[in-house]
Amino acid sequence: MLNRPVDYPFEVHPVFDGPSLVDLARVMSRAVGSSVVFPESKEQDRIKGLVGDPEKILLILVDGLGYHFLSSPDFPPFLCESMSMSINTVFPSTTASALTSLSTGLWPSQHGALGWWTYLKQINGPVTTLPFTRMLDGISLEELGVAGECLFNAEPYLRTSDREVSGLLPHDIYASVFSSYALGGNPVFKYSSMEEGFQSATNLLKSKESPTFMYFYIPDVDSNAHRYGIDHNFTKAAVTEVDRLCRILRDEVGGSNIRVIITADHGHLEASEYEKIAINEKVLEAGLIQQPVSGDARVSYMRFDQESADVTHAALAGFFGDEFGLITSQEAIRWQLFGPIMNEISKDRLGDLIAISKGSSIACWSEEGQSGGMLDLKSVHSGLTKLEMEVPLIIF
């Protein structure tokens, strides 16, 4: 844990506690011959040694497949025996932040996607990052005249790859603003079921004669864990199906010039009903914050009147309770929570004060009487616990 801040209060540090998803992304950038250049590291060298120099690369992102799924009593046998190492995702440990890091090779402190909800200066309020909508009413940012590059402004390394690049995504998101951005404007194919996706990936890769990179995204584990919980049979069935189809994939491409790399964007941690805090208009009316919070289930970014900063800090500490740590944006930057270097865009999106869960408790914006939101989910992520931060890296 080299250089971890001495006063750091959380379980995992995304930068200092070992190899990370950012390291994997930077190895991928070099592997595809991108013109985007990053500083090298021993962690990247270790991953590069496992990847080698294959002609074709298939990168599979299994959303929500935390390392804890591979160390449970019902562990998936093939994925476990094939695992090369574990790595940490970025903070917040959530899809919007992690996938933007995976597609750019940058920490959230540099790419600015700071959670499921991100503050966007162009509308002076929070947006729902991946769906590309305004948080409060779900209106498309495109309808509001906001261009994709206003939110996603970092360069994706696949845009300048010297390989043939393509993506394979579920039919309901393959044409999204983020999907086009993350794939660097390269072709994106759609699929309807996990089995169809694996078969399409195999067929597409085998049909290519030139150096190729394919990105394949699988949401099933995450969606089931959110809705039913980590230990529910539906979630276990999704993990088992990933394991089964990965084994079939290995059998079909084994010994060929195709390297398969499997990882995840985050793990999962369940929250009980008494561990959930709703942040709503009453907090605004009390004058504690100036606008609805952005962030995610276990991290909230808040803006307030600086003239009453001390009073506001104390009141918010009472509101969130002992299960959350309240830190200023300056402290977060000093601790390098979001990465080693914080640019001005990301700094502006942090706001003034940040509430971070110390464990399983969650807090997020939820209008009074609202249902179907994040507070209704059985299991969530975005915090700094090992269960949320540690993900597998599987290479064959």
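This text goes with the structure placed above it.
Participant: Can you walk me through helix α10 (residues 220–228) in this structure?
Facilitator: Since the α-helix turns once every 3.6 residues, residues separated by three or four places project in the same direction. Of the positions making up α10, those classed as buried are Val221, Asp222, Asn224, Ala225 and His226. Following α10 by one or two positions, Gly229 adopts a phi angle in the positive range, close to 110°.

Participant: Looking at this structure, how should I read the packing of aromatic side chains?
Facilitator: How two aromatic rings sit relative to each other is given by the distance of their centres and the angle of their planes. For the structure on display, the rule yields 14 aromatic pairs. Taking 5.5 Å as the distance between ring centres and 70° as the angle between the ring planes, the aromatic pair formed by Phe78 and Phe396 counts as edge-to-face. Taken together, the residues Phe78 in helix α4 (residues 77–82) and Phe396 in the segment after β18 (390–395) connect sequence positions 318 residues apart. Take Phe396: its relative accessible area is 18%, and that puts it in the buried class. Geometrically, the ring pair formed by Phe152 and Tyr181 is stacked, given 5.2 Å between the ring centres and 20° between the ring planes. Of the two residues, Phe152 sits in the loop between α7 (148–151) and β6 (164–170) while Tyr181 sits in helix α8 (residues 177–182), which places them 29 residues apart along the sequence. Judged by relative accessible area, which is 5%, Phe152 ranks as buried. Judged by its relative accessible area of 8%, Tyr181 is buried. Through a chain of ring-to-ring contacts, the aromatic side chains of Phe132, Phe152, Phe178 and Tyr181 assemble into a single cluster.

Rules used throughout
- Residues numbered from 1 in each chain as written.
- Predicted model: local features only at pLDDT ≥ 70, side-chain atom pairs only at ≥ 80, totals over all residues.
- Heavy atoms only, no water.
- Buried < 20%, exposed > 50% of the residue type's maximum accessible area, 1.4 Å probe, protein only.
- Helix = DSSP H or I, 4+ residues; strand = E, 2+ residues; numbered from the N terminus.
- Phe/Tyr/Trp six-rings, centres within 6.5 Å; stacked < 30°, edge-to-face > 60°.

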